Amino acid sequence: MGPMNTHVPHTTEPHGAQHYLLATRYNRSALVAHLVLAGIVCAALLAPLVRGPALAQRLSVSLDPPALFSASSQSGALLGTDSLGRDLGARLLLATRVSLAVGGLAVAVACVVGTVLGLLCGYLMGWFDNLVMRVVDALLSLPFVVLAIAIVAAIGPGLVNVAMVLGLTGWITFAKLVRGEVLRIRQQPFVEAARCVGCSHLRILFLHIAPHVLGIVLVGITLTFGQMIIAEATLSFLGLGIPPPTPTLGGILAGAQETFFAAWWLVAFPGVILMAIVLSVNVVGDWLRDYFDPHVPIPVVRRER
Amino acid sequence: MSDKNATIDDTPLLSVRDLSTVFRTDRGPVYAVNGVSIDVPRGEIVGIIGESGSGKSQLCLSVMRLLAESGRVTSGSVLLNGRDLLCLADREMRAVRGEEIAMIFQEPSVGLDPLFTVGQQLVETIRRHRPQPVRLAREHAAQLLASVGIARPTMILDEYPQKLSGGMCQRVMIALALSCEPQLLIADEPTTALDVTVQAQILDLLLKARDDHGSSILFVTHDLGVIAEICDHVAVMYAGQIVERSPVDQLFDAPQHPYTRALLRSRPLLSDARVHPLPTIPGQVPRPGEQPQGCPFHPRCPDAMSICHMAPPPVHRVAPRRDARCWLLESEADRAQASEGTAYEGENNE
Amino acid sequence: MNRPLLEVEDLATHFTVSHPFGLSRRAVVRAVDGVSFSLAEGETFALVGESGCGKTTTGRSVLRLIEPTRGTVRLDGTDVTQASKPVLRALRRSMQLVFQDPYGSLNPRMTVGRLVAEPLVVHGLASGREAGERARELLSRCGLAPWVADRHPHAFSGGQRQRIVIARALITDPQLLVADEPVSALDVSIQSQIINLMIDVQKQFGLGFLLISHDLGVVRHMADRVAVMYLGRLVEVAPRQEFFSQPLHPYSQALLSAVPREHPQLPKTRIALAGEPPSPTDPPPGCPFHTRCPHAMPVCSRVTPQLRPAASGRTVACHLHHPPEGLE
């Protein structure tokens, strides 16, 4: 076949979710990240099944080493117990669920608010852009913790409130990223072409410009997700987060620092889970960005070697 | 124009022999330059004409040894004064680049550093090649700028490149290139980004450089008009190969290769009466790495024969320094023999 | 009733550029400075000139993609410059633009089918399947296979993309097409294909063409009338034949003579121009061309020549042809 025939359409090419799954199969790191993330999310969803005795305090077996690694375990808890003798494994399951919920909610709020404001700033420019950017400057000049203390003091602690506080500080990242990207994209000839065709501003903004921002928003999500979980830990540590006994990954980590030399597992296991979440979210984010970029060729069949 | 008879027995200044350049890509190796041979005699302006992706720029970069990281010359030789540039150490090559070969690019701003004034860059280059006090070098620089037609050279010396227009930048680039009086000037589309009136001035300048210093010029362009304007000899490139080489008059009078013929015919001309439709070349320019089997031009060729699909045509010598790669130029018997040969090879492969 | 399709009167577009640190006072760039011309149905009117002469800005101002500073543009009798936003948006149906850069002017995230059908959807002329069908039909009229509609623009070469751009411009059945350097970004062997396509669709659709180009070969081949622009002003407007056989304005003569010869044996007849065009922020007084003109007279630096009729249906702005009063 000559080169003139290379643009023959592949009508048998799979579409939609099937295409996504097939494409993911051939990218090893993306595949692993998807599986890890799916595992963590499933565990978090199943967490409510853990109830009653597993969460009870048993001071007699406080700081018991993990049964998984140590023969001297008295409690039989696979991942050991904390200073109050509670089963760390069970608490981690619940904590993951809470942390994912807080992180997810916070990122969702930040992403929606930040992206919309960023789109409008970049497209409208002028006084609106000036106003929003001055607000951003003002927020950036205040230390995060001071701001969080002020807001939590006003609206009180709790899961949803914490997520809101985090979201309302996290939108800045999205707004700045998206605004910069829009300023770049609006210079492209296809935006002028859209105007010329007679598209309304709304159509240009949401149909022609917004899809190009998707990549940078995904990067923003992966960047902020980890930050949000860690920020929640900071707030919990300061007593401004989700109040105990509800476990969160940050809360467990914060509580472990007094007994760090005696009980390594209290730091290691939540740390590993936190790392696994952040890392796999990042890898999946990178993959999604490539997947939605029409310039990056995504093979759906294994490349011949 | 230079005396063509005198150059026949003279050894050429630059002699590229059977040069091939390969790029590593995701889709495997891609031949950007595929067995190219070209001579640049002393004092001659040799043009290379080709479309995007024909490999003309990569050929220049291969000669200069300035290929991108993923590119590599796989075979052939580049003889400058009989010395193979491909065998030189990096340090020796750097010396050759300033002293013996200079290059000007399409985007003049590429070659100039925005952080330094024009004068600083010129003086530095002059002193690197011929150590001398700054004051003398600056005088020399001002002379150079005046010689490329810059009206107030001492003022321009203190300007930053981004303050200058495209045409002015290109003049400065030429002054920079000529500052070490190179034997060979490689010009890669030096006027493509410029307006016609400025282009005319730059072309005159290159002709003057040839006449004053006796420099040879390898001139790369996609514009047949520019070729007609300044070149003595032309090579037509298509899909990484040179398909025709000819003195410039004969190329325009009697093109040998169907691609050259079609290119000449499909130009909208200033002097012609309006013809509609304009003769076209069907299809698209092949992307690098998608070269067809056989003759690379056969999918777009109006005269393609069955042999063209199977075997690449040999170089056919029409006259001294005039040849083309096309099966139409071969005898019936040669074609038949070649097609038997490929049929035989084909059986072997299966 | 022989009303022209497009009438442009005294169009001017000025930009203010301010220094990045506000160190110097704001400069006004007179990109377009009082341009008038008209264009009949089915006619091709070419605007030629060098970069920075304002030809692209003129095209954009005619379409009101850039707001002109003064002047009027009337398309088929409707005032484009005074039209309200909704009226203007509706007017866009009848006037379209073909861009120079076929790589940047197609949104890479949309399929070709959606891109070509978009004008129909935007103007409420068709939607869904019907719009898709029309898009496929127009793509095939522009020489592309219907399956092209399912692909993204990056799968295609420059020439194919320019065909897509033309199909998109034609789908609302416009009256006026502004083509801004439509072939200069294309490979030489592809240019003639696109030139032929544009001439064909012009005949089929009865379009008025405003061709903006620096390539005089293309202009010679496509245009009915030619206008030469220098520093934001028209210096000569002439029918094609007259313009190419005997340009009147010294700048037109220099421009034509600077085009590379088509054959190495043709005689060299270049009129050398000194220097480069002056900056449009600080145009010289009098005739904008006098600083480079080989025939400049003292009066040229004082009095700005106006476009006035000359022989065989052309107009020229030059004191050589219309000596200012009091000097005869």
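Quick caveat, the model's predicted, so the values are computed rather than measured.

The next subject is unusual backbone geometry. Residue and element names in this part refer to chain C. The backbone of Glu 181 sits at a positive phi, close to 50°, despite the residue not being glycine. Examined against the element boundaries, Glu 181 turns out to sit in the loop between β7 (176–180) and α6 (188–205). Backbone geometry places Leu 231, a non-glycine residue, at a positive phi of 50°. You can see Leu 231 is positioned in the loop between β9 (225–230) and β10 (233–239). With relative accessibility at 8%, the residue Leu 231 sits in the buried group.

Our focus in this paragraph is the sheet that holds strand β6 (residues 95–98) of chain C. Residue and element names in this part refer to chain C. Strand order in the open sheet formed by eight strands is β6-β7-β8-β3-β9-β10-β12-β11, with mixed pairing between adjacent strands. Single-partner strands in this sheet number two, and they are β6 and β11 (308–310). Averaged over all pairs of adjacent strands, the angle between strand axes in this sheet comes to 25°, irrespective of strand direction.

Take the side chain of Thr172(C) next. Residues and elements named next belong to chain C. Looking at where Thr 172 falls in the secondary structure, it is placed in the loop between α5 (158–170) and β7. Polar contacts involving the side chain of Thr 172 include one to the main-chain carbonyl oxygen of Arg 93, which spans 3.0 Å. Residue contacts for Thr 172: discarding those within four places in its chain leaves Arg 93, Gln 96, Pro 119, Leu 120, His 123 and Leu 125.

Contacts between the two partners involve 47 residues from chain C, matched on the other side by 47 residues from chain B. Contact between chain C and chain B buries roughly 4000 Å² in total, counting both sides, with carbon and sulfur atoms accounting for 47%. Considering only the surface of chain C that becomes buried against chain B, His221(C), Glu262(C) and Glu276(C) emerge as the three largest contributors, covering 17% of it. Remark: the boundary between chain C and chain B carries three salt bridges. Where Arg270(C) meets Glu229(B), a salt bridge forms, and the shortest distance between an N and an O atom there is 3.0 Å. Across the contact surface, chain C and chain B share 18 residue pairs in polar contact (both at pLDDT 80 or more).

Once that is clear, we can look at the pattern of salt bridges. Residues and elements named next belong to chain B. Scanning the entire structure with this criterion turns up 33 salt bridges over all chains. The partner of Arg 65 in a salt bridge is Asp 90, and the shortest N-O contact between them spans 3.0 Å. Of this pair, Arg 65 sits in the loop between α1 (56–64) and β4 (71–80) while Asp 90 is found in helix α2 (residues 90–99), placing the two residues 25 residues apart along the sequence. The class of Arg 65 is partly exposed, set by a relative accessible area of 23%. A salt bridge links Arg 261 to Asp 303; its shortest N-O distance comes to 3.9 Å. Of this pair, Arg 261 sits in helix α10 (residues 258–265) while Asp 303 sits in the loop between α10 and α11 (306–310), placing them 42 residues apart in sequence.

Basis of the calculations
- Residues numbered from 1 in each chain as written.
- Chains lettered and ligands numbered in written order.
- Predicted model: local features only at pLDDT ≥ 70, side-chain atom pairs only at ≥ 80, totals over all residues.
- Heavy atoms only, no water.
- Helix = DSSP H or I, 4+ residues; strand = E, 2+ residues; numbered from the N terminus.
- Buried < 20%, exposed > 50% of the residue type's maximum accessible area, 1.4 Å probe, protein only.
- Pairing = 2+ DSSP bridges.
- Axes fitted to C-alpha atoms, helices over the stretch in contact; angles between N-to-C directions.
- Polar contact = N/O pair within 3.5 Å; in protein donor to acceptor, adjacent residues only side chain to side chain.
- Contact = heavy atoms within 4.5 Å.
- Buried area = accessible area lost by both parts, 1.4 Å probe.
- Salt bridge = Lys/Arg side-chain N within 4 Å of Asp/Glu carboxyl O.

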